[in-house]
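Chain and residue survey
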Amino acid sequence: MINAKRTPIERILKSQISDKEKENVEVWGWIRTSRFSKNISFISINDGSSFESLQLVVENNNVKVEENKLLTGSSVRARGKVVASSGGAQAYEILVKELDVISAADEQFPLQKKRHTQEFLREISHLRPRTNTHLAVGIVRSKLASTIHKYFTDAGFRYVHAPILTKSDCEGAGETFRVTSQDPAKSTASAPFSWKNDLFGQEVYLTVSGQLEAEALAMGLGKVYTFGPTFRADPSETTRHASEFWMVEPEMAFYDLEDMKVLTSDFIKSITNAVWKDCQDEIKFFTQYIEPELPKRFKTILEENFGDITYTEAQEILAKSTKTFEIKPGIGNDIATEHERYLVDEVFKKPLFVTDYPKTIKPFYMKQNDDNKTVACFDLLAPGIGEIIGGSQREERYDVLEREMKAHGMDDAYAWYLDTRRWGSVPHSGFGLGFERMMMYLTGIKNIKDVLAFPRASRRVW
Ligand code: 4AD
Ligand code: MG
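Just so you know, the residues in each chain are numbered from 1, in the order the chain's sequence is written. Chain labels run from A onward and ligand labels from 1 onward, assigned in the order the entries are written. Where totals are concerned, whole chains, interfaces and linings use all residues; where local detail is concerned, this predicted model gives features only for residues with pLDDT of at least 70, and gives and counts side-chain atom pairs only at 80 or more. To obtain the side-chain values, all non-hydrogen atoms of the structure were used and water was disregarded.

1. Describing the nonpolar core
Where a protein is soluble and globular, its nonpolar side chains tend to be buried together. Note the threshold: Residues belong to one nonpolar core when they are buried, are Ala, Val, Leu, Ile, Met, Phe, Trp, Tyr or Cys, and are joined through side-chain atoms within 4.5 Å. Each residue is assigned to one of three classes by its accessible area relative to the maximum for its type, calculated with a 1.4 Å probe on protein chains only: buried under 20%, partly exposed between the two thresholds, exposed over 50%. For the purposes of this entry, the term helix denotes a DSSP run of H or I that reaches at least four residues, the term strand denotes a run of E that reaches at least two, and both are numbered from the N terminus. Throughout, a residue-residue contact means that at least one pair of heavy atoms, one from each residue, lies within 4.5 Å.
Counting 54 residues, the largest nonpolar core has Leu144, Ile148, Phe267, Ile268, Ile388, Leu433 and Met438 as the members making the most contacts within it. The dominant element in this core, judged by the number of residues it contributes, is helix H4 (residues 132-154), at nine residues. Those residues in contact with Met438 that sit more than four places away from it in its chain are Leu144, Ile268, Ile271, Thr272, Ile388 and Leu433. Counting 28 residues, the second-largest nonpolar core is a separate cluster that includes Ile309, Ala314, Cys377 and Leu418.

2. Observations regarding the site of ligand 1
Rule in force here: Consider each residue's heavy atoms; a residue with any of them within 4 Å of a molecule or strand counts as near. Counting of polar contacts relies on pairs of N or O atoms within 3.5 Å, with two restrictions inside protein: one atom must be capable of donating a hydrogen and the other of accepting it, and residues adjacent in sequence are counted only when both atoms are side-chain atoms. The method behind every accessible area is Shrake-Rupley, applied with a 1.4 Å probe, and residues are considered shielded solely by the protein chains displayed. When residues are sorted by character, Ala, Val, Leu, Ile, Met, Phe, Trp, Tyr, Cys and Pro go into the nonpolar class, Asp, Glu, Lys and Arg into the charged class, and all the rest, Gly among them, into the polar class.
Neighbouring ligand 1 are 23 residues; Glu171, Gln211, Arg232, Glu249 and Glu387 lie closest to it. The side chain of Gln211 places a nitrogen or oxygen atom 2.7 Å from a nitrogen atom of ligand 1. Note that a nitrogen atom of ligand 1 is positioned 3.4 Å from one of the side-chain N or O atoms of Tyr365. With the chains in place, 93% of the 630 Å² that ligand 1 exposes on its own is no longer accessible. If you list the elements that add at least two residues to the shell around ligand 1, you get strand E11 (244-253), strand E15 (386-393) and strand E16 (428-434). Split by residue class, the shell around ligand 1 holds nine nonpolar, seven polar and seven charged.

3. Quick look at the sheet that holds strand E1 (residues 25-36)
The criterion, for reference: Strand pairing follows a simple DSSP-based rule, namely that at least 2 bridges must link the two strands. With axes taken as lines fitted to C-alpha atoms, and helix axes fitted only over the stretch in contact, angles between N-to-C directions fall between 0 and 180 degrees.
Within the closed barrel, the five strands sit side by side as E1-E2-E3-E5-E4. Their pairing is mixed. Strand-to-strand twist in this sheet, taken as the mean axis angle between neighbours without regard to direction, amounts to 55°. Relative to strand E4 (residues 75-84), E1 runs antiparallel, the two sharing six bridges. In the strand pairing of E4, Gly29 is matched with Val76.

4. Looking at the domain arrangement of the protein
Basically, it comes down to this: Each domain's extent was defined by an automatic or database domain assignment. Defined here as a combined quantity, buried area equals the accessible surface (1.4 Å probe) lost by two parts on assembly, summed across both.
Taken domain by domain, the protein consists of domain 1 (9-109) and domain 2 (128-183 + 194-461). Inter-centroid distance (C-alpha atoms) of domain 1 to domain 2 is 44 Å. On the side of domain 2, nine residues touch domain 1, which itself brings nine residues to the contact. Summed over both partners, the interface of domain 1 with domain 2 comes to about 780 Å²; 58% of that surface belongs to carbon and sulfur atoms. When the buried surface of domain 1 facing domain 2 is broken down by residue, Trp30, Arg32 and Phe51 rank first, second and third, together holding 69% of it. Summed over the shared surface of domain 1 and domain 2, the number is three residue pairs in polar contact (both at pLDDT 80 or more). Here the residues of the side of domain 1 that touches domain 2 sort into three nonpolar, four polar and two charged.

5. Quick notes on empty space enclosed by the protein
To be explicit about the condition: Think of a 1 Å grid over just the protein atoms. A cavity is a set of points where a 1.4 Å probe fits yet cannot get out, a pocket is an open set with protein on both sides within 12 Å along at least five of seven lines, and lining residues have an atom within 4 Å of a point. Grid points are joined across faces, edges and corners, and a volume is the space filled by probe spheres set on the points.
On inspection of all chains with the given rule, the structure shows one cavity of 30 Å³ or more. Its boundaries defined by the atoms lining it, the largest cavity holds a volume of some 40 Å³. Forming the boundary of the largest cavity are Lys359, Lys362, Pro363, Phe364, Met366, Gln368, Val375, Glu404 and His408. Split into classes, the residues belonging to the lining of the largest cavity amount to four nonpolar, two polar and three charged.

6. Observations regarding the packing of H4 against helix H6 (residues 257-278)
Packed helix pairs are characterised by how far apart their axes lie and by the angle those axes make with each other. To be explicit about the condition: Oblique is the label for any angle not covered by the other classes, which are roughly parallel (under 35 degrees), roughly antiparallel (over 145) and roughly perpendicular (65 to 115). The sense of a crossing depends on the near helix, which, turned anticlockwise from the far helix by less than a right angle, makes the crossing left-handed and, turned clockwise, makes it right-handed.
With their axes 9 Å apart at the nearest point, H4 and H6 run at an angle of 135° to one another. Relative to H6, the element H4 lies oblique. Seen along the crossing, H4 lies across H6 with a hand that is right-handed. On H6, the residues touching Val140, Lys143, Leu144, Thr147, Ile148, Tyr151 and Phe152 of H4 are Leu263, Asp266, Phe267, Ser270, Ile271, Ala274, Val275 and Asp278. Looking at the contact of H4 with H6 residue by residue, the class counts come to ten nonpolar, two polar and three charged.

Below is the structure:
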């Protein structure tokens, strides 16, 4: 039984160990591929520390090779010497002195073929992390999340936590999941289901956005951000909607829309740069197998100024277009995904702010412009995706907000929100970045279900 200290594969491949350590390393991992011949066996293993796998070279004379236990999916540990690789894909490989099988996988292990369709892999989301695509997604996802935290904490933001169980439907779109402690099967005609009998004694939802609570926190903490799961019972089955997704929501006291646009562009460029710098292996893989234009995407985000037009200008561009849209564009209508894609994929070819939408198609909390028709907001659209961010300056005027809330039929559940404008109200702004949309943008992956480890979307919980 081998029991020396394990060395992560990443450190070996990146030559981060001393010459002395190289003489005798121990590695643990899962077999990706194995090839056996009379005298020599090649076993490629991955331990999750690096996207690239490590080749074990086993001379069959020196080490017992139980071929039937060394199949794809088996877990093994090996000890040996790090040597420069002669023909392998990597610079280094291991000349194995000892090899143990920890747990053997058989031919039933579903990930035998080199390439599977994403549809197939979704059905085995619990095994997907052992594929190149989902290992790369996991690595980039982790990097992107940590770099978002770093960006905001370095910029003086406080990381705050908004509740998941809430009384409010922030977006007012009626896409909330209701939460109950009661068993609906036990409701009877004489004891019908009632929210009054529930644990909270009232109707409660899973949050669709942490914004309203983040606003309250920003009124004491200045600049805050939340980064947590949000839930939407949107029945549309698209490649960019999930029922459970993660949202990054900064909220800044004293910021107007222009201040926030500057912050947003700096934020997107900065987190993109961190992924570019630290995830080259993964980006190369995504470029080869998923999106050939990916490096160009990074270059565009990093080097170009984002486009910036108003909703009205966007509608003018759409009206002039010769393209036939399924949904006809027009002033007063929302900008549909196909319109967004036309604007960014065919006209601007770079991230694009679209500002000042009509108030009739946006939520109650957005700051009304002086024209009384539009609100001080933006959506940030990205080529290949469409909307990745929605944000606005918030209506800080008590009377205007109260009027809007009444017009939207909002009840006492929102009285606390109005209180934040009653005493010491200040101009403030915030946005929500769909974390998975950003993941799709930076990996080229086309379906949101493939950037979430365990996707939950209309009709399916994988
Ligand atoms: O535009 P949305 O609905 O904005 C808000 O919720 C604001 N309260 C945010 C704020 O100002 N703090 O959602 C923000 C972003 C969208 O731009 C999109 O990227 C993402 O969240 N998003 C979804 N991502 C995946 N699946 C869904 N069903 C999504 N709905 C929104
Ligand atoms: Mg939106």
